[in-house]
Amino acid sequence: MTPKQSLYQTIETLSDAECSKLLQIIQHWRQEVAPVLAQLAENPTFHIPSHTPAVFPKRTPIHANGPTASEQLIEERR
């Protein structure tokens, strides 16, 4: 399945409000982000990756007794 076909199928499952929000995001990308990336791509100082970076898998925090690290840091700074 091509990305366009997948997008068409996904859009069919969205509500009108969700489609409206998605359309706003696409318009923002085309008007604001894409032109900036095009300008940066012409500048040899910047390197724009050809694909999106991998997403790190979600991890479940370890549960332990006692205060959290954040609480300990806050207490030390007081």
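Residues numbered from 1 in each chain as written. Predicted model: local features only at pLDDT ≥ 70, side-chain atom pairs only at ≥ 80, totals over all residues. Heavy atoms only, no water.

**Q** Can you help me understand the overall build of the protein chain in this one?
**A** Scanning the protein chain from terminus to terminus reveals three helices and zero strands. Counting helices and strands in the order they occur from the N terminus, the protein chain gives α-α-α. Rg of the C-alpha trace for the protein chain: 21 Å, well past the compact-globule value of 12 Å for 78 residues, more than 25% over. Here the C-alpha coordinates of the protein chain stretch approximately 50 × 40 × 25 Å along the principal axes. The buried share of the protein chain, reckoned over its 78 residues, is 0%. (Helix = DSSP H or I, 4+ residues; strand = E, 2+ residues; numbered from the N terminus. Rg over C-alpha atoms; globule rule 2.2 N^0.38 Å. Buried < 20%, exposed > 50% of the residue type's maximum accessible area, 1.4 Å probe, protein only.)

**Q** Whenever I open this one, the environment of Ala38 confuses me. Can you help?
**A** Mapped onto the secondary structure, Ala38 falls in helix 2 (residues 16-42). On the accessibility criterion, Ala38 (42% relative accessible area) is partly exposed.

**Q** Please clarify how helix 2 should be interpreted in this entry.
**A** Between its first and last C-alpha atoms helix 2 spans 38 Å; for 27 residues at 1.5 Å apiece the expected length is 39 Å, and the two agree. The largest bend in helix 2 amounts to roughly 40° and is located at Trp29. (Expected span 1.5 Å × (residues − 1). Bend = angle between axes of the 7 residues up to and from the residue.)

**Q** So what exactly am I meant to see when it comes to the pattern of salt bridges here?
**A** Opposite charge on two side chains lets them pair, provided their charged atoms get close. Applying the stated criterion across every chain, the model contains one salt bridge. A salt bridge links Glu75 to Arg78, with the shortest nitrogen-to-oxygen separation between them at 3.8 Å. Like Arg78, Glu75 is exposed. (Salt bridge = Lys/Arg side-chain N within 4 Å of Asp/Glu carboxyl O.)

**Q** Is there a simple way to think about the confidence of the model for the protein chain in this case?
**A** Detailed conclusions should not be drawn from predicted coordinates in areas where pLDDT is low. Per-chain confidence: the protein chain averages 88 in pLDDT, with 100% of residues scoring 70 or above. The spread of mean pLDDT over the elements of the protein chain runs between helix 3 (residues 69-77), the lowest at 89, and helix 2, the highest at 92. (pLDDT = per-residue confidence, 0-100.)

**Q** Can you walk me through the environment of Asn65 in this structure?
**A** Here Asn65 shows up in the loop between helix 2 and helix 3. As for Asn65 and Ile25, which are separated by 40 residues in sequence, their C-alpha atoms are 43 Å apart.

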